[in-house]
Amino acid sequence: MLQLNFNNRFVSELPGDASGIQKCRQTPGMCWSAVSPTQVEAPRLLASSAEVLALLDLTEEDSQSAAFAAAFSGNVLLPGMFSYASCYGGHQFGNWAGQLGDGRAIALGEVINSKGERWELQLKGAGMTPYSRNADGRAVLRSSLREFLCSEAMHHLGIPTTRALSLIASGEMVMRDMLYDGNPALEPGAIVCRVSPSFIRFGNFEILVARGEHQLLQQLIAFTIRRDFPEIDSEAEDALKNWFKLVCERTAHLMVEWLRVGFVHGVMNTDNMSILGLTIDYGPYGWIDNFDPGWTPNTTDKDWRRYTLSQQPVMARWNLARLADALATVAPARAGLDEGLAHFDKIYQASLSGMLAAKFGLTEWHDEDAELVETVFELMQRAEVDMTEFFRKLADIKQHAPDLNILHSAFYQENLYQNHRALFNSWLVRYATRLSMQVGSDETRRMRMNLINPRFVLRNYLAQLAIDALMQNDFSVLDKLMQAARHPYDDNIPPELTAKRPDWALNKPGCSMLSCSS
Ligand code: AMP
Ligand code: MG
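Residues numbered from 1 in each chain as written. Chains lettered and ligands numbered in written order. Predicted model: local features only at pLDDT ≥ 70, side-chain atom pairs only at ≥ 80, totals over all residues. Heavy atoms only, no water.

*Asks:* Any chance you could break down the packing of aromatic side chains for me, citing the residues and the numbers?
*Replies:* Tallied over the entire structure, the rule returns 27 aromatic pairs. Arranged with centres 5.9 Å apart and planes meeting at 85°, the rings of Tyr-461 and Trp-504 form a pair that is edge-to-face. One end of the pair, Tyr-461, is in helix H15 (residues 460-471); the other, Trp-504, is in the segment after helix H16 (476-486), with 43 residues separating them in the sequence. Residue classification places Tyr-461 among the buried residues on the basis of a relative accessible area of 5%. For Trp-504, a relative accessible area of 42% corresponds to the partly exposed category. Between the NZ or CZ atom of Arg-322 and the centre of the ring of Trp-318, over which it lies, the distance is 4.5 Å. A cation sits over an aromatic face here: Lys-359 above Phe-391, 4.3 Å from the ring centre. (Phe/Tyr/Trp six-rings, centres within 6.5 Å; stacked < 30°, edge-to-face > 60°. Helix = DSSP H or I, 4+ residues; strand = E, 2+ residues; numbered from the N terminus. Buried < 20%, exposed > 50% of the residue type's maximum accessible area, 1.4 Å probe, protein only. Lys NZ or Arg CZ within 6 Å of the ring centre and 35° of its normal.)

Below, the structure is given as structure tokens:
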């Protein structure tokens, strides 16, 4: 028997439509709408996360039960569960898009675990809701596997993220036009159960302002601070300002963390920005192979290039400014919110230089280091150098005998390596000189660098290999990736999981380019 202790504050403290009517509609005055998951044919557990099971005080044995597959596919509600979709809006690609809401996510309520922690459960792909607009409320296996794997991989990298409890095949087929080229096809459907302290997004606040519901906005702010930000005194006169400042700070840290590991989210619309500063909504995301600040995996964004690697911090700030616009309608003064945005800039800069110093093995950051770092980033881009491999190998450089051969394996193309040898060599001399200005052995620097530069990241082609295998009912790749993802900084990851992107993956859909079709 699966027993979870529910305490559903979002639905008990905020107004919602309890009618349970599924029909697509605008929901003024509501923060949520009750909705039942649509039953699926033959739910079958494909994978679960041991760590997330433990967070919920569940065992591996529990996860193997038929009751588990029934509950986390949405076929059966456990005692205490209350299923609903939340209402939010959003700025999509720079434009206000109106009401969006959970179109295929259905929350099941908030669990309090044995440690007293609150974890909200949410099914993604569990059927239509009042916010499904003209879509089907479902998700396909390939995108669900990507979300399941990546959210856990992100967590083990030490980066704030929503988590994933389970990946369940629905036993039903879903129609998708994967390449958006007029060739829809049936694909297996799946459902992920996501887990997070909160799924509240910037867009939950924005929609209330768009509707002129300022009192409800105040209520949602107070609720969010009380439930999700215990460090903020909700009764204080400047609670709103303090809270927004903290949201800015967390978002700034998240942007630096994404840069650290070369993660590109792909769709940083305000409806995909977590108020807690978590990575949320894994869609057409990607990981940098050859270093390229202008890269985005999202084919929908290939012309605008709004959400490329280097644009992410700029866009996060833009999104925070939209949140500030919304909050300003109930704030005592706009100035307090502008202070928050200035705080973002300050924290971002400080956190960025701290991260870069650590990435390069510098014990402290000097202003002149910016030039050293920029030079090599530019070289890496021109010479198409693999980011993950480069930083792992940079740790092996000896201060007294810097040898470019050590970095050879990070290059994709031999001719680019040869053509750039002289430039890299002179950079290495500068780097070694810089290292000589600090104390500490090569070995201690290597160890420090390997704690921040991952050996394993969920390269786009690896996720695709796991998908291809699972489609043939072969779980081995998924299992291997989950194992590696648990220890991303370890030296002894199987070499086939740390290999640079193979040539076949260069233009294969799912590997270098992804559409939003999911
Ligand atoms: P995204 O950009 O993927 O975060 O999605 C933007 C909006 O579209 C959100 O409101 C989603 O809930 C909704 N959406 C995306 N895919 C579907 C789907 N298959 N069915 C219903 N709604 C969807
Ligand atoms: Mg979304």
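*Asks:* Would you mind going over a negative patch on the surface in detail, with residue names and values included?
*Replies:* A grouping of Asp-233, Glu-235, Glu-237 and Asp-238 is seen on the molecular surface, where their side chains present a negatively charged patch. On the secondary structure map, Asp-233 appears in the loop between helix H7 (214-228) and helix H8 (239-261). (Patch = residues over 30% accessible without salt bridge, like charges linked within 9 Å, V, L, I, M, F, W, Y side chains within 5 Å. Areas by Shrake-Rupley, 256 points an atom, 1.4 Å probe, with all protein chains shown as cover. Salt bridge = Lys/Arg side-chain N within 4 Å of Asp/Glu carboxyl O. Lys, Arg positive; Asp, Glu negative; His and termini not counted. Charge placed at Lys NZ, Arg CZ, Asp CG, Glu CD.)

*Asks:* Describe in detail the domain arrangement of the protein chain, supporting the description with residues and values.
*Replies:* Each domain of the protein chain was delimited in the assignment, giving domain 1 (9-197), domain 2 (223-359), domain 3 (369-449) and domain 4 (460-505). Taking only C-alpha atoms, the centre of domain 1 and the centre of domain 2 are 23 Å apart. With 31 residues of domain 1 in contact, the opposing surface of domain 2 contributes 33 residues. Roughly 2600 Å² is buried in total at the junction of domain 1 and domain 2, and carbon and sulfur atoms are behind 60% of that figure. Of all residues in domain 1, His-91, Phe-93 and Arg-146 bury the most surface against domain 2, accounting for 26% of the area lost on that side. Applying the counting rule to domain 1 against domain 2 returns 4 salt bridges. (Domains from an automatic or database assignment. Contact = heavy atoms within 4.5 Å. Buried area = accessible area lost by both parts, 1.4 Å probe.)

*Asks:* Describe in detail the site of ligand 1, supporting the description with residues and values.
*Replies:* For ligand 1, the set of nearby residues contains 17 residues, the closest of which are Gly-101, Gly-103, Arg-133, Gly-137 and Asn-272. Between an oxygen atom of ligand 1 and a main-chain N or O atom of Gly-101, the distance comes to 2.6 Å. Here ligand 1 loses 79% of its free accessible area of 480 Å² to cover by the protein chains. For the shell around ligand 1, the class distribution of residues is 3 nonpolar, 6 polar and 8 charged. Taken domain by domain, the makeup of the shell around ligand 1 includes at least three residues from each of domain 1 (9-197) and domain 2 (223-359). (Near = heavy atom within 4 Å. Polar contact = N/O pair within 3.5 Å; in protein donor to acceptor, adjacent residues only side chain to side chain. Nonpolar A, V, L, I, M, F, W, Y, C, P; charged D, E, K, R; others polar.)

*Asks:* Quick rundown of the pattern of salt bridges? Include the residues and the values.
*Replies:* Using the criterion set out here, one finds 35 salt bridges in the structure. Its salt-bridge partner being Lys-124, residue Glu-147 comes within 2.8 Å of it at the nearest N-O pair. Taken together, the positions of Glu-147 in helix H5 (residues 141-157) and Lys-124 in strand S8 (residues 118-124) put the pair 23 residues apart, joining distant regions of the chain. Judged by relative accessible area, Glu-147 falls into the buried class, the value being 2%. Taking the relative accessible area as the measure of exposure, Lys-124 reaches 14% and is therefore buried. In this structure, Glu-389 engages Lys-393 in a salt bridge whose closest nitrogen and oxygen atoms are separated by 2.9 Å. Of the two residues, Glu-389 and Lys-393 both sit in helix H12 (residues 387-394), 4 residues apart, roughly one turn of that helix. Judged by its relative accessible area of 6%, Glu-389 falls in the buried class.

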